[in-house]
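Here is how the chains run, residue by residue.
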Amino acid sequence: MSNKISVSIDIELKELIPHFLESRTKDVINLTTLITNGDFKAIESIAHKLSGNAGSYGFMPLGEVGKRMETAAKAKQLDAIKVEFEKMKDYLNNIEITYVTL
Amino acid sequence: MAGTPLVLIIDDDPDMVLLISKILTNMGLETMSASKSDKAITMLHSRVPTIITLDIDLAGANGLNFLKYTKKNKFYAHIPVIVFTAQTSPKLEAKAMEFGAFKFIKKPLVANALIMIAKQALKQAESFKLEKVFNDGEANGIVTIQGDVTEISELSFTLISSIKFSPKDKIEVTSSFFQKMDVQGCSQRVNSHLGASEGGFKTLVSFVGITDTAAKQIRSCKKKV
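Calculation rules
All residue numbers refer to positions counted from 1 along the written sequence of the respective chain. Both sets of labels track the order of writing: A upward for chains, 1 upward for ligands. Under the rules for a predicted model, residues below a pLDDT of 70 receive no local features and side-chain atom pairs below 80 are neither given nor counted, while totals for whole chains, interfaces and linings still include all residues. The basis for every side-chain value is the complete set of non-hydrogen atoms in the structure, without hydrogens or water. Between the N-to-C directions of two axes lies an angle of 0 to 180 degrees, each axis being a line fitted to C-alpha atoms and, for a helix, fitted only over the stretch in contact. Under the scheme used here, helices are H or I runs from DSSP no shorter than 4 residues and strands are E runs no shorter than 2 residues, and both carry numbers assigned from the N terminus. By definition in this entry, angles of less than 35 degrees are roughly parallel, angles greater than 145 are roughly antiparallel, angles of 65 to 115 are roughly perpendicular, and the rest are oblique. By definition, turning the near helix anticlockwise from the far helix through less than a right angle yields a left-handed crossing, and turning it clockwise yields a right-handed one. In what follows, residue pairs with any heavy atoms lying within 4.5 Å of each other are defined as contacts. Each residue receives one of three labels: charged for Asp, Glu, Lys and Arg, nonpolar for Ala, Val, Leu, Ile, Met, Phe, Trp, Tyr, Cys and Pro, and polar for the others, Gly being one of them. What gets called buried area is simply the loss in accessible area from a 1.4 Å probe that two parts show on being joined, summed for both. For salt bridges, the criterion is a side-chain nitrogen of Lys or Arg within 4 Å of an Asp or Glu carboxyl oxygen. Whenever a nitrogen or oxygen atom comes within 3.5 Å of another N or O atom, the pair is scored as a polar contact, on the condition that within protein one atom can donate a hydrogen and the other can accept it, and that pairs from neighbouring residues in sequence are kept only if both atoms are in side chains. Partly exposed describes any residue whose relative accessible area lies between the buried limit of under 20% and the exposed limit of over 50%, with all areas from a 1.4 Å probe on protein chains only and scaled to the type maximum. Classification of ring pairs uses Phe, Tyr and Trp, with its six-membered ring standing for Trp, and accepts pairs whose centres are within 6.5 Å; under 30 degrees between planes counts as stacked, over 60 as edge-to-face, and the remaining range as tilted.

**Side note on the packing of helix α1 (residues 17-37) of chain A against helix α2 (residues 40-57) of chain A**
Residues and elements named next belong to chain A. Here α1 crosses α2 at 155°, and the two axes come no closer than 11 Å. Relative to α2, α1 is oriented roughly antiparallel. With respect to the hand of their crossing, α1 and α2 are arranged in left-handed fashion. Along its contact with α1, which presents I17, F20, R24, D27, N30, L31, L34 and I35, the element α2 presents A42, I43, I46, L50, N53, A54 and Y57. Looking at the contact of α1 with α2 residue by residue, the classes come out as eleven nonpolar, two polar and two charged.

**Some points on the interface of chain A and chain B**
The partner chain B presents 14 residues to the 17 residues of chain A that form the contact. For chain A, the biggest contributors to the area lost against chain B are A:H48, A:K49 and A:S56; these three give 31% of the whole. Residues A:K49 and B:D12 are paired through a salt bridge, measuring 4.0 Å at the closest nitrogen-oxygen approach. Our enumeration of links across chain A and chain B arrives at nine residue pairs in polar contact (both at pLDDT 80 or more). Listing elements by their share of the side of chain A that touches chain B, those giving two or more residues are α1 and α2 of chain A.

**What to know about the pattern of salt bridges**
With the rule as written, the count across this model stands at 14 salt bridges over all chains. Its salt-bridge partner being A:R24, residue A:D27 comes within 2.8 Å of it at the nearest N-O pair. Of this pair, A:D27 and A:R24 both sit in helix α1, three residues apart, which is roughly one turn of that helix. Per residue, the accessibility class of A:D27 equals that of A:R24, and both read buried. Put simply, A:R24, A:D27 and B:D15 are held in one network by salt bridges that share partners.

**Brief notes about the packing of aromatic side chains**
Two aromatic rings, taken as a pair, are described by how far apart their centres are and by the angle between their planes. Residues and elements named next belong to chain A. Evaluation of the coordinates by the stated rule reveals seven aromatic pairs over all chains. Here the aromatic rings of F20 and Y57 are separated by 4.4 Å at their centres, their planes lie at 25°, and the arrangement is stacked. Placement of F20 in helix α1 and of Y57 in helix α2 is noted, with a sequence separation of 37 residues between them. For the pair shown, F20 and Y57 are each scored as buried.

Read these as layout, nothing more, since geometry by itself doesn't imply function.
Structure below.
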């Protein structure tokens, strides 16, 4: 899927967004290794944070991905984790941010 | 605490700390943060915040433990603690409220909701002032709070407040009624804790060295405070 995903973010948070997206890029790098190693606890930890922070910044679908990944990690379901991981990467690669006054 | 209200943000997710800090500093508040409960406790000892935001999901159940710690400590029990979680657990929410959380907010955080709750917390915190002095690792503090004085006699009175006093605490209650009865200059001593009641904790406080005149005035007073 390579369609652009439009996201409206509160303009008050504009200066925080680059750092947030940088952190998510690091998450992707870490998750690549963790998934290869089957480290469910560490995957759960990253996913849990994602489920809380993504939606808080305005990236709701990404937060939902985090929630599902966390559930899958708790259940040690590697295939389900991989599905959510692909969704995470796709989302981050295709978002187009518009800053709005909320 | 004079000056800008201070918020202690306790969260092990740096992105959440940045976000919460941004929202609160935009409100004109000052913030400090800790990612672990033991560091948060150290920060509490050095600078008492006006309000606390706490990620209840800190590793090792440390979020709830920190909440219990603050609520059991009379120097910090008055600080409103706004609790955050990414979990959907009614049991956890009930536990947090049981341990004395001010409000419970589920992530994802909505900025306007945090602003509204922070304003409510600031209002509650308004009546408290706390100065901390450390002496050889032991916490000593002067707390100024509001309370109600009831059931006064020439020997003692009952104080209802948000603090559970113990007999080793020094206390000085000021009130316009005490001034009228001419007992304001009289020493007071915490006698005993009488249990919890609606509005807070009941403490029996004794007058020490009350004058005959003041005792007579109180005896002749026909109404309770």
